[in-house]
Amino acid sequence: MAFTLPELAYAENALEPSIDATTMNIHRTKHHQAYINNLNKALEGHADLQAMTIDQICANVASMPDAIKGAVRNNGGGHWNHSQYWKWMAPKGTGGAPSAELTAAMTAAFGSFDAFKEKFAAAGVGRFGSGWAWLCKKADGSVAICSTPNQDNPLMKGIADCGGTPLLGCDVWEHAYYLKYQNRRPDYLAAWWDVVNWNYVNSLFAAK
Ligand code: MN3
């Protein structure tokens, strides 16, 4: 079945002032939609791959046919990453806070919640060019920060340098912030904390 653009759980202007409505609209209906269209096109004629979930597609992309591997990596990653990104955000004041269990894991890994935020932002600011910053849960239950280029993500076995289950990811492509923040990626990342949906992050940490 063809992949489609997921509905937003909030209005396009609901993340202002952190994320402006115009950026949300273009990012979702143009950029994310293009990843979906190109993924569906790449999968045409591959019924076995079309039957997979987007999580399975990301996990197995390294073993896909060479003719479509690059397109599926870029556009399948783009679809998974953005579908989660919209869910990792919520209007300011509604996203809750890290659970006691997640806070304990972040404190064990980074020293404190504030130190986590500094290191996560540094991963985003330090990503040269386009990509994502991630907080992941490892197999042993600990958490770690990493970043990936382009639309790669930690689900991509044999491709991503980092592994684990993504708990939180931030898009640091210029299209995610340039209209409002221009070259000031650190300002976007600083404002982004106001709209993180910790309730969703907590549910991922508890589930996996
Ligand atoms: Mn994007």
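As shown above, the structure is provided for reference.
Right, let's walk through the structure included here.

Rules and cut-offs
Residues numbered from 1 in each chain as written. Predicted model: local features only at pLDDT ≥ 70, side-chain atom pairs only at ≥ 80, totals over all residues. Heavy atoms only, no water. Disulfide = S-S within 2.5 Å. Helix = DSSP H or I, 4+ residues; strand = E, 2+ residues; numbered from the N terminus. Buried < 20%, exposed > 50% of the residue type's maximum accessible area, 1.4 Å probe, protein only. Arc of directions from axis to C-beta. Contact = heavy atoms within 4.5 Å. Phe/Tyr/Trp six-rings, centres within 6.5 Å; stacked < 30°, edge-to-face > 60°. Pairing = 2+ DSSP bridges. Axes fitted to C-alpha atoms, helices over the stretch in contact; angles between N-to-C directions.

### Section: the state of the cysteines
This model, assessed by the stated rule, comprises one disulfide. Residue pairing for Cys 146: its cysteine sulfur links by disulfide to Cys 162, the two sulfurs lying 2.3 Å apart. Classification of the bridge connecting Cys 146 and Cys 162 rests on its S-S torsion, roughly 60°, and on that basis the disulfide is right-handed. With Cys 146 in strand S2 (residues 143–149) and Cys 162 in the loop between S2 and strand S3 (165–171), this pair connects stretches of sequence that are 16 residues apart. Neither residue differs from the other here; Cys 146 and Cys 162 are each classed as buried.

### Description of helix H5 (residues 100–110)
Along H5, the residues classified as buried are Leu 102, Ala 105, Met 106 and Phe 110. Buried residues of H5, viewed axially, fall in a sector of 105°; they line one side. More than 90 degrees from the buried face of H5, the exposed residues found are Ala 100, Glu 101 and Ala 108. Residues of H5 that are buried in the fold lie against helix H6 (113–126), strand S1 (131–137), S2, S3 and helix H9 (198–207).

### Thoughts on the packing of aromatic side chains
A complete count under the given rule lists 18 aromatic pairs for this structure. Ring centres of Trp 88 and Trp 134 lie 6.1 Å apart, and the angle between their planes is 75°; this geometry places the pair in the edge-to-face category. Remark: Trp 134 occurs in strand S1 and Trp 88 occurs in the loop between helix H4 (66–87) and H5; sequence separation between them is 46 residues. Ring geometry for Phe 110 and Phe 116: centres 5.7 Å apart, planes at 40°, overall tilted. Comparing Phe 110 with Phe 116 shows no difference in burial state: the two are buried.

### Looking at the pairing of S1
On a regular strand, each side chain points to the face opposite its neighbour's, so the side chains alternate between the two faces of the sheet. Buried residues dominate S1, accounting for seven of its seven residues. In this structure, S1 lies alongside S2, joined through seven bridges in antiparallel fashion. Paired with Cys 136 across the two strands is Ala 144, which belongs to S2. Here S1 folds back onto S2, and the loop between the two strands holds five residues, one of which, Gly 141, carries a positive phi near 95°.

### Digging into the sheet that holds S1
Taken in spatial order, the three strands of this open sheet run S2-S1-S3, and their pairing is antiparallel. Edge positions in the sheet fall to S2 and S3, since each of these pairs with one other strand and no more. For this sheet, the mean inter-axis angle between neighbouring strands, taken without regard to orientation, is 25°. Its contacts with the sheet place H9 against S1, S2 and S3, and it is angled at close to 150° to S3.

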